[in-house]
Amino acid sequence: MSLNKKSWKVLVVSLTAALSFSMLAACSNKSDDTAVATYKGGTITQKEFNLDTRVMKFLSPEQAQYLEIDMFKESILKQEVAFEYLADKASDEAKKAAEKEVDTQIGSIKTALGDKYKSTLKEQDLSESDLRSYMQRVLTVYQDMLLKLTDEQVKTHYEATKADYSVATLRHVLVGLTDSAGKERTDADALKRAQEVKAKLDGGADFAAVAKEYSDDTGTKETGGEYKDKALVEYVAEFKAAAHSLPLNTISEPVKSTYGYHIIKVEARKDTTFDTLTADQLKAVKNSAASASLETFLEKELDSLEIKINLPKSSAAAGSAGATATPAPAAGSDTPAATDTPAATEAAK
């Protein structure tokens, strides 16, 4: 299963986040110099927004379909305003740190695309300077959020998310809303089958054998449902919470997630304390806290910018794509699920 869901509510906090909403159709009846957004202290023109969305398409073309929906366009444009506004107010230190990160990110893109790098840019009518300018703005905001974090904020954020930094060996049986053969189940049928699994395990049946018989997680079915020494951050919220709180070597009640129902047994778990975090874990905490700071700004302070939107309407129906920017992965892939953290934060880690 995919390790990251993407939330349409947050455009970017680290590079991937900011870039995961892809393309807004560049065609418009309005002049490129027309302001599509005005706010306290600035404007964004149609030309600027079209350029930004071409960069988004270059970096994440698979998300293009969502940019045909007006509510997504407007949300992304408002967040573009936020990045313009926040980047303008960022410290020189943040800007210098962002420059280094831009170099790193572009180097990674060149390595990934190889000989196709220049032609892929050309397909989107982009120059490397366009790409660099966009990344600089986005990463300046992110670096500024990082630099403004206090030690107390980092510790508080860790306490709220410490389950993410626990590592566990566990077994689970997934009874999916789609079985391993691709046949759909009703929620009631999935729950009934999960309860049957629990009854067998409570009666002393071997977990590995039951997993091989019942589990729809094709990634672990043949290994008895085992996930060995995995960080809990890799799991969807419901699964993560159960794996963190379940007493060792007990059989859980059916735990519902987007994939169906899980029966879980945690065989070993190592929790962390703030003072035992590794350097990489501490960096991850800080990145997550910076992401949360940006989300807070978008949720609570964006309206204070008095943004006025003047986007042309599209023909796509506003309700055609649901509430998330990425379809849920199918059950039966290689991990139980995804974290609720916006995908945007992942690249900065």
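Values in this document were obtained by computation on a predicted structure and should not be read as measured data. Here the residue numbering is sequential within each chain, running from 1 through the sequence in written order. Reporting in this predicted model follows two pLDDT cut-offs: at least 70 for local features of residues, and 80 or more for side-chain atom pairs to be given and counted; totals over whole chains, interfaces and linings ignore these cut-offs and use all residues. Only hydrogens and water are set aside; all other atoms, that is, all heavy atoms of the structure, feed into the side-chain values.

Concerning the packing of helix 2 (residues 46–59) against helix 3 (residues 70–89)
The geometry of a pair of packed helices is captured by two quantities: the angle between their axes and the separation between those axes. Formally: Interaxial angle, 0 to 180 degrees, is taken between N-to-C directions of lines fitted to C-alpha atoms, where a helix line uses only the stretch in contact. A helix here means a DSSP run of H or I that spans at least four residues, while a strand means a run of E at least two residues long, and both kinds are numbered starting from the N terminus. Working rule for angles: under 35 degrees goes down as roughly parallel, over 145 as roughly antiparallel, 65 to 115 as roughly perpendicular, anything else as oblique. In what follows, residue pairs with any heavy atoms lying within 4.5 Å of each other are defined as contacts. Note that Gly is not counted as nonpolar here; it falls among the polar residues with everything else outside the nonpolar set of Ala, Val, Leu, Ile, Met, Phe, Trp, Tyr, Cys and Pro and the charged set of Asp, Glu, Lys and Arg.
Axis separation between helix 2 and helix 3 bottoms out at 12 Å; the angle between their running directions is 105°. Between helix 2 and helix 3, the crossing angle belongs to the class labelled roughly perpendicular. On helix 3, the residues touching Phe-49, Asp-52 and Met-56 of helix 2 are Lys-73, Ile-76, Leu-77 and Glu-80. For the contact of helix 2 with helix 3, a count of residues per class yields four nonpolar, no polar and three charged.

A few points about helix 8 (residues 187–202)
Under the convention used in this document: By definition here, a helix of n residues has an expected span of 1.5 Å times n minus one. Per-residue accessibility, obtained with a 1.4 Å probe over protein chains only, is compared with the maximum for each type, and a residue is labelled buried under 20%, exposed over 50%, and partly exposed between these values. The directions from the helix axis to the C-beta atoms are what the arc is built from.
The end-to-end C-alpha separation of helix 8 is 22 Å, in line with the 22 Å expected for 16 residues at 1.5 Å each. Taken residue by residue, helix 8 has Ala-190, Ala-194, Val-197, Lys-198 and Leu-201 as its buried positions. For helix 8, the buried positions fall inside an angular range of 100° around the axis, keeping them on one side. Those residues of helix 8 that are exposed and angled more than 90 degrees off the buried face are Ala-188, Lys-192 and Ala-199. Elements that come into contact with the buried residues of helix 8 comprise strand 3 (167–176), helix 9 (207–214) and strand 6 (260–270).

Brief notes about the packing of aromatic side chains
Spelled out, the test is: Geometry of aromatic contacts follows a simple scheme: Phe, Tyr and Trp rings, the Trp one being its six-membered ring, pair when their centres are within 6.5 Å, and the pair is stacked under 30 degrees between planes, edge-to-face over 60, tilted otherwise.
One pass over the full model with this rule turns up six aromatic pairs. Taking 6.4 Å as the distance between ring centres and 75° as the angle between the ring planes, the aromatic pair formed by Phe-58 and Tyr-117 counts as edge-to-face. Residue Phe-58 is located in helix 2, and its partner Tyr-117 is located in helix 5 (residues 117–123); the two are separated by 59 residues in the primary sequence. Between Tyr-227 and Tyr-235 the ring centres are 6.0 Å apart and the planes differ by 65°, which places this aromatic pair in the edge-to-face class. Across the pair, Tyr-235 and Tyr-227 agree in class, each one buried. Of the aromatic side chains, those joined through ring pairs into one cluster are Tyr-158, Tyr-165 and Phe-274.

Points about the sheet that holds strand 1 (residues 35–39)
For clarity, the threshold we go by: Only strands joined by at least two bridges in the DSSP assignment are considered to pair.
Sheet architecture is open: three strands sit in the order 2-1-7, paired in antiparallel fashion. Each end of this open sheet is capped by a strand with a single partner; those strands are strand 2 (42–45) and strand 7 (308–309). Bridge count between strand 1 and strand 2: four bridges; the pairing is antiparallel. In the strand pairing of strand 2, Thr-38 is matched with Thr-43.

Looking at the pattern of salt bridges
What counts here: In the sections that follow, a salt bridge refers to a side-chain nitrogen of Lys or Arg positioned within 4 Å of a carboxyl oxygen of Asp or Glu.
Counted by the stated rule, this structure contains 19 salt bridges. The partner of Arg-185 in a salt bridge is Asp-216, with the nearest N and O atoms 2.7 Å apart. Of this pair, Arg-185 sits in the loop between strand 3 and helix 8 while Asp-216 is found in the loop between helix 9 and strand 4 (226–231), placing the two residues 31 residues apart along the sequence. For Arg-185, a relative accessible area of 18% gives the class buried. Overall, Asp-216 belongs to the buried group, its relative accessible area being 3%. When salt bridges that share partners are traced, they join Asp-52, Glu-80, Glu-84 and Arg-137 into one network.

So, the sheet that holds strand 4
With respect to topology, four strands assemble into an open sheet ordered 4-3-6-5, the strand pairing being antiparallel. Each of the sheet's edge strands pairs with one partner strand only, and the pair in question is strand 4 and strand 5 (255–257). Strand-to-strand twist of the sheet, defined as the mean angle between neighbouring strand axes without regard to direction, takes the value 45°. The sheet contact formed by strand 3 and strand 6 spans 10 bridges and is antiparallel. Opposite Arg-171, over in strand 6, you have Lys-265 as the bridge partner. Here helix 8 sits on the sheet in contact with strand 3, strand 5 and strand 6, set at roughly 40° to strand 6.

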